[in-house]
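Remarks on the overall topology
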Amino acid sequence: ILLFEDAAVDRLFPATTGRPAFAITCGGYRLYDLAANLVARDGAGVAGAVAAVVRPHLAALVEADFPLVKPSQAIKESTGVTLAINARLVPSMTALDRLAKLAAAGIPSVVRHGDSIAAAVLTPEHCPADLPYADGDLSPALRKLPLPSWESDLLLFDYPHDLVRHHMALCKASLEHRIAAGSYTQLRDGVFVANGAVLGEHIVTDTAAGPIVIEAGATVGPFCFLRGPVLLGAKCRVSEHSAIKDGVCLGHTTKIGGEIEASVIEP
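Okay, so let's go over this structure. (Residues numbered from 1 in each chain as written. Predicted model: local features only at pLDDT ≥ 70, side-chain atom pairs only at ≥ 80, totals over all residues. Heavy atoms only, no water.)

Observations regarding the pattern of salt bridges
- All chains considered together, the criterion is met by 16 salt bridges.
- Put simply, Arg-55 and Glu-5 hold a salt bridge, and the shortest N to O gap is 2.9 Å. Remark: Glu-5 occurs in the loop between strand S1 (2–4) and helix H1 (31–40) and Arg-55 occurs in the loop between strand S2 (51–53) and helix H2 (59–65); sequence separation between them is 50 residues.
- Residue Arg-55 is classed as buried on the basis of its relative accessible area of 11%.
- What emerges from the salt-bridge pattern is a single network uniting Asp-6, Arg-11, Arg-88 and Asp-158. (Salt bridge = Lys/Arg side-chain N within 4 Å of Asp/Glu carboxyl O. Helix = DSSP H or I, 4+ residues; strand = E, 2+ residues; numbered from the N terminus. Buried < 20%, exposed > 50% of the residue type's maximum accessible area, 1.4 Å probe, protein only.)

Given below as structure tokens:
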């Protein structure tokens, strides 16, 4: 799988100033997480590696934070399908299903979303090693390939407000997928806790609108109110007397207090 940033990533500033677009959390998942999920699937039709092409100033950061292979190396060694994915793709469960089907079909093509390329299915003869991997944006080169193109319902982030809009729409379904794929203990109705999480006394929970997922090592202080859908990331800390509700995703090792709703707090 080859993740690439296009020129429109600038429109997502400041969310993409210090991170690639595929590292933005939306609904509890990043696009990178979906890519890793795809390569882990048996029979998905994709090579077992993820590569990325990002803006030059992010290259060293991405290399340190993600277990990626070099794009040119991956393309050179690949004997099957390469699935190129726009880093602005909204990481939804629908997108995960669509991408898996594209990879499994293996039919070379370019998938559009409006004027942007959302994804491309490339075989070795259509994926040259001289694509502009150092520049980040593969879209111009992909458009020049002699491949059929078609419009898809795959969604892309176009502007910063899209991050919150899609997050609110996808949070419940994404957390349900996380619960099904993970290892959690259900402490009470709709409250799922991983090993090592610590919950203080007198915590009130409301899961009528979505689940509450608490990852390993997270700490919730006493006298807190949690209303789902909510994701508390690994080793995060919620201070006492806090209200975390209505679509909050806390990244790993974050620390939060007070009243927070409809927000993504990145690590």
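There is more to say after this.
Describing the environment of Glu-125
- The residue Glu-125 is located in the loop between strand S5 (116–122) and helix H5 (139–144) in this model.
- Taking the C-alpha atoms as reference points, Glu-125 and Pro-67, separated by 58 residues in sequence, lie 26 Å from one another.

A word on the layout of surface pockets
- Space inside the largest pocket adds up to approximately 510 Å³.
- As for the largest pocket, its lining consists of 26 residues, of which Thr-25, Arg-30, His-252, Glu-266 and Pro-267 are closest to the centre.
- Listing elements by their share of the lining of the largest pocket, those giving two or more residues are H2, strand S16 (243–250) and strand S18 (259–265).
- The greatest single-element share of the lining of the largest pocket, amounting to three residues, is contributed by H2.
- A breakdown of the residues in the lining of the largest pocket according to their chemical character gives 13 nonpolar, six polar and seven charged. (1 Å grid on protein atoms, 1.4 Å probe; cavity = no way out; pocket = protein on both sides within 12 Å on 5 of 7 lines; lining within 4 Å. Points joined across faces, edges and corners; volume = space filled by probe spheres on them. Nonpolar A, V, L, I, M, F, W, Y, C, P; charged D, E, K, R; others polar.)

Quick word on unusual backbone geometry
- For the bond running from Phe-13 to Pro-14, omega is 5 degrees, close enough to zero to count as cis.
- One can find Pro-14 in the loop between S1 and H1.
- The linkage connecting Gly-228 with the following residue, Pro-229, adopts the cis geometry, with an omega of 0 degrees.
- With respect to the helices and strands, the residue Pro-229 is situated in the loop between strand S13 (225–227) and strand S14 (230–232).
- Phi at His-241 is positive, roughly 60 degrees, even though this residue is not glycine.
- Take His-241: it is sitting in the loop between strand S15 (237–238) and S16.
- Of note in the backbone geometry, Thr-253 takes a positive phi value of approximately 60 degrees without being a glycine.
- The topology assignment puts Thr-253 in the loop between S16 and strand S17 (255–256).

Brief notes about helix H6 (residues 160–181)
- Taking 1.5 Å of rise per residue, the 22 residues of H6 would be expected to cover 32 Å, and the 29 Å separating its terminal C-alpha atoms lies within 8% of that figure.
- The sharpest bend along H6 reaches about 50 degrees and sits at Leu-170.
- Turning to H6, its buried residues number three or more, namely Asp-162, Leu-163, His-166, His-167, Leu-170, Cys-171, Ser-174, Leu-175, Arg-178 and Ile-179.
- Against the buried residues of H6 lie helix H4 (93–105), strand S8 (191–193), strand S11 (212–214), S14, S16 and S18. (Expected span 1.5 Å × (residues − 1). Bend = angle between axes of the 7 residues up to and from the residue. Contact = heavy atoms within 4.5 Å.)

Points about the sheet that holds strand S6 (residues 149–151)
- The strand order S2-S1-S3-S5-S4-S6 describes an open sheet built from six strands, whose pairing is mixed. Taken across any chain shown, the strands that pair with only one partner, and hence form the sheet edges, are S2 and S6. Neighbour-to-neighbour, the strand axes of the sheet open up by a mean angle of 20 degrees, direction not taken into account.
- Alignment of strand S3 (residues 82–86) against S5, held across four bridges, turns out to be antiparallel. By the bridge assignment for S5, Thr-82 is matched with Leu-122. (Pairing = 2+ DSSP bridges. Axes fitted to C-alpha atoms, helices over the stretch in contact; angles between N-to-C directions.)

From the geometry alone we can't say anything about function, so treat these as descriptive.
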